[in-house]
Amino acid sequence: MTLTHRMRHFWQGLLGLALIATAGSAAAAPGVRTVPACTKVNVSATIDVPAGTTWDGLAKYGKWVCLVGTASNMKGTQSESQIPMFKLNNGSTVKNVVIGDGSLGSGTNLAAGGADGVHCYGQCNITNVYWADVGEDGATVKKLSGVTSKLTISGGAAFKAADKLFQHNGDGTLVIQDFYADNIGKLYRSCGNCSTQYARKVTISGVRLGQVNVAGLGVNSSYDSKSGIAGQYDVATITDLVYGGAKPKCEGYVGTGSGNEPVKDSNTSNVARACVFK
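Residues numbered from 1 in each chain as written. Predicted model: local features only at pLDDT ≥ 70, side-chain atom pairs only at ≥ 80, totals over all residues. Heavy atoms only, no water.

A. Local environment of the state of the cysteines. Counting across every chain of the model gives three disulfides. Paired by a disulfide, Cys-120 and Cys-124 hold their sulfur atoms 2.2 Å apart. Judged by the sign of its S-S torsion, about 90°, the cystine formed by Cys-120 and Cys-124 is right-handed. Residue class for Cys-120 comes out buried when judged on its relative accessible area of 1%. Under the relative-accessibility criterion, Cys-124 is labelled buried at 1%. Here Cys-191 pairs with Cys-194 through a disulfide, and the sulfurs are 2.2 Å apart. Taking the sign of the S-S torsion, about 110° here, the bridge from Cys-191 to Cys-194 comes out right-handed. In this pair, the class of Cys-191 matches that of Cys-194, namely buried. Once the bonded cysteines of the protein are numbered in order along the sequence, the disulfide links fall as 1-2, 3-4, 5-6. (Disulfide = S-S within 2.5 Å. Buried < 20%, exposed > 50% of the residue type's maximum accessible area, 1.4 Å probe, protein only.)

And the structure:
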């Protein structure tokens, strides 16, 4: 082998190592994050982001703003009547903004104007968004007829969620990557008793959790006869989830139909097939 060939192999090897390192670091959980300093902007109605467009807070305002709901159904309580701060239509993105007023205290359910977070219809992106004080939920996947749902949450952080942070009601996949959350009930919950049930998927990659009050994730590791999809189950694929607390990282439930309450799945084999740690 000539010197030229040796050098070529050497540099190819270095490139390969660099690519491996880059791929590994892409999934690395972030450190502890805090909410950016922001200027409060009052919001009295849902911000409707048209299909295929991007709502960028930094581009719109030239600085970080924290959006605070002022209408009675945007206060961010646990009332099911709360409306979202953002409605993302198919193919749209929201990025670079703070939701809720983080200055009201350290507890949860503070009615800090977080509304019902972000609703995604179809395929959407939430990028570098901070929930200073989570309202009813941080984000919810809704079903759009004819479209397989996919919500990708990248970057950002969330704080003070009385219940779950990300709610999966529609079908398809929810992706959470490069994210930090603290003082939450659950990071993710697949709907336990929606009127139309689906076997859902969630992908966790590079997520750090601080205080968790119930569980990291709640998935339906089985579905009963009332669900309409008995025999199916959710799958959570979890890579680099950093959490050192006592609550379970992933908890299984028996999904059911509307009007019934889901119970925890006592079948450990079911939970193992639904909570997949890589």
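B. View of the nonpolar core. Counting residues in hydrophobic clusters, the biggest one holds 53 residues, and the most contacted among them are Leu-67, Phe-86, Ile-126, Trp-131, Phe-166, Phe-179 and Leu-187. Here this core takes seven residues from strand β12 (residues 173-190), the largest share from any one element. With sequence-adjacent residues up to four places away left out, Ile-126 is seen in contact with Leu-88, Val-94, Val-118, Trp-131, Ala-139, Leu-151, Thr-152, Ile-153 and Ser-154. Among the nonpolar cores identified, the runner-up in size contains eight residues, and Trp-64, Cys-66, Tyr-130 and Ala-132 belong to it. (Core = buried A, V, L, I, M, F, W, Y, C linked by side-chain atoms within 4.5 Å. Helix = DSSP H or I, 4+ residues; strand = E, 2+ residues; numbered from the N terminus. Contact = heavy atoms within 4.5 Å.)

C. Summary view of the pattern of salt bridges. Counting across every chain of the model gives seven salt bridges. Notably, a salt bridge pairs Lys-143 with Asp-171, separated by 2.9 Å at the nearest N-O pair. Of this pair, Lys-143 sits in the loop between β9 (139-142) and β10 (150-154) while Asp-171 sits in the loop between β11 (157-168) and β12; the two residues are 28 residues apart in sequence, bridging distant segments of the chain. According to the relative accessible area criterion, Asp-171 is buried, its value standing at 11%. Between Asp-163 and Lys-164 there is a salt bridge, with its nearest N and O atoms 3.2 Å apart. (Salt bridge = Lys/Arg side-chain N within 4 Å of Asp/Glu carboxyl O.)

These results come straight from atomic positions and should not be treated as a statement about function.
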